[in-house]
Structure formats: structure tokens, C-alpha cells
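Residue-level structural notes
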Amino acid sequence: MDLHHKTAIVTGASAGLGVAFAEHLIRAGATVYGLARRNDRLQELRGRLGAAFHPVPLDVTDRAGIDAWVAATFSDTHRPDLLVNNAGIGHFAEIDQLDPAHWDAMLAVNLTGVFNLTHALVPHLKANPAVTHIVNIASVAGRIGNPRLAGYNATKYGLRGFSDALMKELRGHGIKVTCLFPGSIATDFNGGIRGSSAQPLQAEDLARVLIDVVRMPDHVLIDEVVLRPLNP
Ligand SMILES: NC(=O)c1ccc[n+]([C@@H]2O[C@H](COP(=O)([O-])OP(=O)(O)OC[C@H]3O[C@@H](n4cnc5c(N)ncnc54)[C@H](OP(=O)(O)O)[C@@H]3O)[C@@H](O)[C@H]2O)c1
């Protein structure tokens, strides 16, 4: 996809990866609708990135709110081209110490939030005559289990299955689906606790990969990308 004049939706755009994704997409010529709950941060980003960034203060778990925003924003004359399901949370604890509210919240954001955006936007992506793209941000925790991560692992393994099924379901509609599986990244995720990596990935590294994956020629579908820090 040539990103010039394309329309992207990035969830979790108020921090970390989402900020880097918005910056790089806009630099490549796209317009970005950035979703998150913290509107002050979204407004700051609007100030920095300009009119190509549209702050959308929404909780991805608010299905009615998402549906209403999509219906009010997109139409036959304004179609989305790219959805980046990036918003995610992690609560790490041994299973008997894991607060059930944290389990519920991880499922709600990391899985149901992805469903909400995807469900609302796929009809518009299908109606777009151009090749369109959904990129889901999972984690290496979607491929390997670890002590204290059972809840988070469950959501990211779930996201891998969701992505693989969607890839097969939507390719015939000209919609690519890619799942990214990063290792530790230097963001504020989980209070900045990132395991033991001395040299974690940077948000910029992920943004470069996102842009490369999205810019591949229309006939090329990259379904999964695993990124790790060189020195774990
Ligand atoms: N950092 C890592 O080491 C790492 C490694 C592998 C994968 N990942 C994945 O990468 C993605 C981005 O993480 P990050 O490192 O950038 O984390 P981050 O800095 O904590 O940012 C998370 C983003 O998600 C948004 N968010 C959380 N709950 C939300 C909700 N209910 N509705 C809307 N937005 C919500 C936050 O915005 P608000 O709080 O303003 O709503 C924030 O913009 C996540 O899916 C995470 O699982 C991270």
C-alpha cells in the first residue's frame, strides 16, 4: 500500500507504540485516527503532528461508542484503509494472586477491544476497492508461555488465533491481516517492567516494521512477524 492519502486507525495512540505508529504513518503520507482514553495525550499529539492526526477519545471496550464513531466517521466517500489494533494492557502475577478484575480487563482490552474495532470496520474495508490491511499487535507472549503471565499469555495466544483465522477469511476480500509478535519494548507498558532485556526494542523499531509490512506490494501478504531484542 502506498500510504499517501490513505486513512489509518491506530488504537492505543496516546502512548508507546501507538504514538510511534501515528508519527511514522503520518510521515509516510497517511491520515491517522488515534484512539485512546487519555484525551489530553491525544490532544498533545495533535499539537505535535498537526491536522493529519485526529484524536478519538474512546475506550476500545466501549462497543456502542466504537460502533457510533465508525458510523459517524466512515462512509462510501470516506473509507478506511488500515486498522492497527495496538491498544493492550498486561497484569502479571502468579495465578492465585492475579486479581480477577485484572483478568477481566486484559480479556476486555486485548481481545474484545480488537473484536470491537475489527467488527465495526471490516464492512468498510470490504467496501474499499483498494487492498486494505489490518495489523494486530500481539507479543512473543502469544507464542511462548511464562510464569506469572498466564492471563496475558491467554489474550495474546487468542489474538494469534483470531489473526490467523481472519487472514484466511479476509484475503479473498482484498484485506490483508498481519500479526506482529514483539519481544520487550522500551515503553511504559506494565509500569515500564519489561522482563530482563538489557537492550529492549524501541517503539521506533516496531514503527519501521509496521511501515515496511504495510508498504509491501498488493500481491504480498505477510501474515506474521516476530521481533526480538538481540540480547534478551
Ligand atoms: N512494551 C512491551 O514490552 C510490549 C511487548 C510486546 C507486545 N506489546 C504490546 O504492544 C501494544 C502496545 O503496548 P505499549 O508498549 O505501547 O504500551 P503502553 O505504552 O502502555 O500503551 C498502551 C496504549 O494502549 C491504550 N489503551 C489501554 N487500554 C485501552 C482502552 N481500554 N481503550 C483504548 N486504549 C487503551 C493506552 O491508552 P489510554 O491509557 O490513554 O487509554 C495506550 O495508548 C500492546 O498491545 C502490548 O500488549 C508490548
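Residues numbered from 1 in each chain as written. Predicted model: local features only at pLDDT ≥ 70, side-chain atom pairs only at ≥ 80, totals over all residues.

**Digging into the overall build of the chain**
Defined as follows: Helix and strand definitions here come from DSSP, where helices need a minimum of 4 consecutive H or I residues and strands a minimum of 2 consecutive E residues; each element is numbered from the N-terminal end. Just to be clear, the radius of gyration here is over C-alpha atoms, and the globule rule we use is 2.2 Å times residues to the power 0.38. Think of it as a crowd count around each C-beta: if 20 or more other C-beta atoms lie within 10 Å the residue is buried, if 12 or fewer it is exposed, and in between it is partly exposed, with C-beta placed from the backbone throughout. Whether two residues are in contact is decided by their C-beta atoms, placed from the backbone, lying within 7 Å.
Scanning the chain from N- to C-terminus turns up six helices and seven strands. Put simply, the chain runs from its N terminus to its C terminus through helices and strands in the order β-α-β-α-β-α-β-α-β-α-β-α-β. Taken over C-alpha atoms, the radius of gyration comes to 17 Å for the chain, in line with the 17 Å a tight globule of 232 residues would show. Once the C-alpha set of the chain is aligned to its principal axes, its extents read approximately 50 × 35 × 30 Å. Counting over 232 residues, the chain shows a buried share of 40%. Restricting to contacts in the chain with at least 6 residues of sequence separation, those with at least 24 account for 65%.

**Some words on the packing of helix α1 (residues 16-27) against helix α6 (residues 203-214)**
Threshold: Axes, fitted as lines to C-alpha atoms, cover a helix only where it is in contact. Angles between the N-to-C directions of the axes lie from 0 to 180 degrees. Put simply, angles under 35 degrees are roughly parallel, angles over 145 are roughly antiparallel, angles from 65 to 115 are roughly perpendicular, and the rest are oblique. Left-handed is the label given to a crossing in which the near helix is rotated counterclockwise from the far helix by less than a right angle, and right-handed is the label when the rotation is clockwise. The classification used treats Ala, Val, Leu, Ile, Met, Phe, Trp, Tyr, Cys and Pro as nonpolar, Asp, Glu, Lys and Arg as charged, and all other residues, Gly among them, as polar.
Running from amino to carboxyl end, α1 crosses α6 at an angle of 45°, the nearest separation of the two axes being 8 Å. Classed by the angle they form, the pair α1 and α6 counts as oblique. Where α1 crosses over α6, the handedness of that crossing is right-handed. Contacts between α1 and α6 involve Gly16, Leu17, Val19, Ala20, Phe21, Glu23 and His24 from the former and Ala203, Glu204, Leu206, Ala207, Leu210 and Ile211 from the latter. Broken down by class, the residue content of the contact of α1 with α6 amounts to nine nonpolar, two polar and two charged.

**Some words on the site of the ligand**
Heads up, the condition is: As a rule, any residue with its backbone-derived C-beta atom within 6 Å of a molecule or strand is reported as near that molecule or strand.
In the region of the ligand, 32 residues are neighbours, and Gly12, Gly16, Arg37, Arg38 and Gly88 sit closest. If you list the elements that add at least two residues to the shell around the ligand, you get α1, β2 (31-36) and α4 (100-127). Looking at the shell around the ligand, the element that brings in the most residues is α1, giving three residues.

**A closer look at the nonpolar core**
Here is a general trend for soluble globular proteins: nonpolar side chains tend to be buried in one another's company. Here is the rule we go by: By convention the nonpolar core is taken to be a set of buried residues drawn from Ala, Val, Leu, Ile, Met, Phe, Trp, Tyr and Cys and joined through C-beta atoms within 7 Å.
Residues Ile9, Phe21, Ala22, Val32 and Val84 are the most contacted members of the largest nonpolar core, which totals 57 residues. It is α1 that contributes the most residues to this core, seven residues altogether. Those residues within four positions of valine 84 in sequence are excluded, and the remaining contacts are Ala8, Ile9, Val10, Thr11, Phe21, Val135 and Leu210.

**Concerning helix α5 (residues 150-170)**
How we decide: Expected helix span is taken as 1.5 Å per residue step, with the number of steps being one fewer than the number of residues.
End to end, α5 covers 30 Å across 21 residues, agreeing with the expected 30 Å (1.5 Å per residue, within 8%). At its buried positions, α5 is contacted by α4, β5 (132-137) and β6 (175-182).

**Description of unusual backbone geometry**
Phi at histidine 5 takes a positive value of approximately 65°, unusual for a residue other than glycine. Here histidine 5 is to be found in the segment before β1 (7-11). A positive phi angle, near 75°, is found at arginine 148, a position not held by glycine. Note that arginine 148 resides in the loop between β5 and α5. A count of 14 C-beta atoms within 10 Å places arginine 148 in the partly exposed class.

**A look at the environment of methionine 106**
Take methionine 106: it is sitting in helix α4. Residues methionine 106 and glycine 88, 18 residues apart in the sequence, show an inter-C-alpha distance of 7.5 Å. Once you skip the residues sitting within four places of it in the chain, methionine 106 turns out to touch Ile89, Gly90, His91, Gly151, Tyr152 and Thr155.

**Some thoughts on the packing of α4 against α5**
Two elements in contact, α4 and α5, have axes whose closest approach is 9 Å; the angle formed by their N-to-C orientations is 15°. When the axes of α4 and α5 are compared, the pair comes out roughly parallel. For the pair α4 and α5, the crossing hand works out as right-handed. From α4, His102, Trp103, Met106, Leu107, Asn110, Leu111 and Val114 reach across to α5, where they touch Gly151, Tyr152, Thr155, Lys156, Gly158, Leu159 and Phe162.

**With respect to the pairing of β1**
Short version of the rule: Strands are labelled as partners when DSSP assigns at least two bridges between them. Clockwise travel from the first strand over the helix to the second, with the strands pointing away from the viewer, marks a crossover as right-handed.
Here β1 lies mainly inside the structure; five of its five residues are buried. Residue alternation in β1 divides its side chains into two sets, Thr7, Ile9 and Thr11 and Ala8 and Val10, and both sets are buried. With five bridges connecting them, β1 and β2 associate as parallel partners. Of the residues in β2, the one forming a bridge with valine 10 is glycine 34. For the segment spanning β1, α1 and β2, crossover handedness is right-handed. Of the strand pairs in this sheet, β1 and strand β4 (residues 82-85) are connected by three bridges, and their pairing is parallel.

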